[in-house]
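What follows is the residue order along each chain.
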Amino acid sequence: MKLFLSLLVMSVFLGSPARAAKMKVFILCGQSNMVGHGKAEEGGNPRFDFSVPQGKDNPREVPGGLGCLRAMVNENPAKFGPGGTMPLVDANGRWLVREDVKIFAYCDGKTRKGGLGLGYAAPGAMTWFGPEFGFGHAVGQALEEDVLILKVATGGTSLAKDWRPPTAAARRGGAVGPRYTHMVGLVKETLKDMGWEFPELAGRDYEVAGFGWHQGWQDGGEKAMAEEYEANMADLIHDVRKEFGAGIAVVIANSGFFGDKLSGIRLEVLNAQNAMADGARHPEFKGNVAVVDTRPMWRERTVSPSNFDFHWNHNGFTHYEMGAEMGAAMLKMLKPSAPN
């Protein structure tokens, strides 16, 4: 039945207008902030009194409040409003869904798939989002090819243990991380069964064009993990390329929590992430690995939906900006598509 449905859809699809020969596939991975903790509708209450407990008469969050995606759209209608240069809503204020950018998301044990929109985030949080949202809009707007994003993310996980790549285990000991093994298997299975997961994509040729990474909070809590982060990150890049293609571009959104106030072990992790784009330290990554500095994207809890620092205070501006900058960095590394 599965094969029959795929062949049926493919036969219908071949009669549709010609498309670019190869669809671009991007893999996005990481921990909770890649899962997605940006809020679209609920933002910080501008009248919130931090000196007294929150409650019915002193709500911490309000619809359209500070730091949510709705506020970002309302404050920048020329860019994000209907008819804007990067519209996110229609004339009625409803969130748009991009059908030229498909997404298959595994987040904290739950999967969801469809056109790019909100809700590919923490399970049950249908108006939350992660970096995939800004990333998908950036690459979808710029590329002629259709796009498929495969997001595999689990909160509270470390690169040192949960995502530990095979080369790291072989060189420095430890077991290959279960999150790494799961990610590789899930991505390969989804691409193999793409016509089943997305009947409209049956028969489409594709290339895995890039890998995006946003993770680091967990490793920043333990000195030994932080000290090994640079070596583990380099090994992760090499191993991902062994699995999905030597030429894929890699973009890392570093762990810039607390902005300019970042210090200590967490700063060590950020420096290790930045080293991936340092041609002197890693000449093999020159021009094919980029790092997005997220420190300027930090927004304090006073202008955000929450005080959860490790989730970027649930700030929708930050989560969108991070994804968009990851997309822009990815686009700079991509080679021009071959003629159809």
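A brief look at the structure comes next. Small disclaimer: the values here were computed from a predicted structure and weren't measured.

1. Quick word on the overall build of the chain
Secondary structure summary: the chain contains eleven helices and eleven strands in total. Computed over its C-alpha atoms, the radius of gyration of the chain comes to 20 Å, within 12% of the 20 Å expected for a compact globule of 340 residues. Along the first, second and third principal axes, the C-alpha atoms of the chain reach 65 × 55 × 35 Å. The burial tally for the chain puts 55% of its 340 residues in the buried class. Nonlocal contacts in the chain, meaning residues at least 24 apart in sequence, comprise 68% of its contacts between residues at least 6 apart.

2. Some thoughts on the pattern of salt bridges
Enumeration according to the criterion identifies 23 salt bridges in this entry. Beyond isolated ion pairs, a larger network of salt bridges with shared partners links R164, R171, R172, E228 and D235.

3. Re the packing of helix α7 (residues 178–192) against helix α9 (residues 223–244)
Contact geometry for α7 and α9: axes closest at 11 Å, N-to-C directions at 25 degrees. Regarding the angle of α7 to α9, the classification is roughly parallel. Crossing of α7 against α9: the hand is right-handed. Contacts between α7 and α9 involve Y180, M183, V184, V187 and K188 from the former and L236, D239, V240, E243 and F244 from the latter.

4. What to know about the side chain of D90
Mapped onto the elements of the fold, D90 is located in the loop between α4 (77–80) and β5 (98–107). With relative accessibility at 19%, the residue D90 sits in the buried group. A polar side-chain atom of D90 sits 2.8 Å from the main-chain amide nitrogen of N92. Sequence-distant contacts of D90, that is, excluding residues within four places in its chain, are made with P82 and L96.

5. With respect to the nonpolar core
Counting residues in hydrophobic clusters, the biggest one holds 40 residues, and the most contacted among them are M183, F211, W213, M233, F244 and M276. Listed by contribution, the elements that provide at least two residues to this core are β1 (22–30), β5, β8 (147–153), α7, β9 (205–214), α9, β10 (249–253) and α10 (264–274). Element by element, the count of residues in this core is highest for α9, at eight residues. Dropping the residues within four chain positions of it, M233 is found in contact with L159, W213, I252 and M276. A122, V139, L143 and W312 belong to the second largest nonpolar core, which has 34 residues in total.

6. Focus on empty space enclosed by the protein
Counted under the stated rule, the structure contains one cavity of 30 Å³ or more. Its volume calculated, the largest cavity comes out at about 40 Å³. Around the largest cavity, the lining residues are Q31, S32, N33, H214, Q215, G216, W217, S255 and F257. Considering only residue class, the lining of the largest cavity consists of two nonpolar, seven polar and no charged.

7. So, the sheet that holds β8
Spatially, the seven strands line up as an open sheet ordered β6-β5-β8-β1-β9-β10-β11, and their pairing is mixed. Taken across any chain shown, the strands that pair with only one partner, and hence form the sheet edges, are β6 (110–116) and β11 (289–292). Strand-to-strand, the axes of this sheet are offset by a mean angle of 20 degrees, without reference to chain direction. Direction of pairing for β5 relative to β8: parallel, over a ladder of seven bridges. From the neighbouring strand, V101 faces β8, where its bridge partner is V147.

8. Remarks on the packing of aromatic side chains
Scanning all chains against the criterion turns up 14 aromatic pairs. Centroid distance F80 to Y320: 5.3 Å. Interplanar angle 85 degrees. Geometry classified as edge-to-face. Here F80, found in helix α4, pairs with Y320, found in helix α11 (residues 316–333); they are 240 residues apart in sequence, far enough to count as distant. Assigned by exposure class, F80 and Y320 land together as buried. The interplanar angle of 50 degrees and the centroid separation of 5.3 Å between the aromatic rings of F258 and W298 together place this pair among those described as tilted. In this pair, F258 is assigned in the loop between β10 and α10 and W298 in the loop between β11 and α11, connecting sequence segments 40 residues apart. Residue class for F258 comes out partly exposed when judged on its relative accessible area of 26%. Look at W298 and you get buried, because its relative accessible area is 12%. Ring pairs connect the aromatic residues W217, F257, F258, W298, F308, F310 and W312, which therefore count as one cluster.

9. Some remarks on the packing of α9 against α10
Each pair of packed helices gets described by two things: the angle between the helix axes and the distance between those axes. It is at 8 Å that the axes of α9 and α10 come closest, and there the two elements cross at 15 degrees. Taken as axis vectors, α9 and α10 run roughly parallel relative to one another. Relative to α10, the crossing made by α9 is left-handed. Taken together, the residues of α10 that come into contact with α9 (itself represented by K223, A226, E227, Y229 and E230) are I265, E268, V269, A272 and Q273. Looking at side-chain class alone, the contact of α9 with α10 contains five nonpolar, one polar and four charged residues.

10. A look at α10
Along α10, the residues that are buried comprise R266, V269, L270, A272 and Q273. Buried residues of α10 fall within an arc of 160 degrees about the axis and therefore sit on the same side. Each element contacted by the buried residues of α10 is listed here: α9, β10 and β11.

Quick notes on the rules
Residues numbered from 1 in each chain as written. Predicted model: local features only at pLDDT ≥ 70, side-chain atom pairs only at ≥ 80, totals over all residues. Heavy atoms only, no water. Helix = DSSP H or I, 4+ residues; strand = E, 2+ residues; numbered from the N terminus. Rg over C-alpha atoms; globule rule 2.2 N^0.38 Å. Buried < 20%, exposed > 50% of the residue type's maximum accessible area, 1.4 Å probe, protein only. Contact = heavy atoms within 4.5 Å. Salt bridge = Lys/Arg side-chain N within 4 Å of Asp/Glu carboxyl O. Axes fitted to C-alpha atoms, helices over the stretch in contact; angles between N-to-C directions. Parallel < 35°, antiparallel > 145°, perpendicular 65-115°, else oblique. Left-handed = near helix turned anticlockwise from the far one by under 90°. Polar contact = N/O pair within 3.5 Å; in protein donor to acceptor, adjacent residues only side chain to side chain. Core = buried A, V, L, I, M, F, W, Y, C linked by side-chain atoms within 4.5 Å. 1 Å grid on protein atoms, 1.4 Å probe; cavity = no way out; pocket = protein on both sides within 12 Å on 5 of 7 lines; lining within 4 Å. Points joined across faces, edges and corners; volume = space filled by probe spheres on them. Nonpolar A, V, L, I, M, F, W, Y, C, P; charged D, E, K, R; others polar. Pairing = 2+ DSSP bridges. Phe/Tyr/Trp six-rings, centres within 6.5 Å; stacked < 30°, edge-to-face > 60°. Arc of directions from axis to C-beta.

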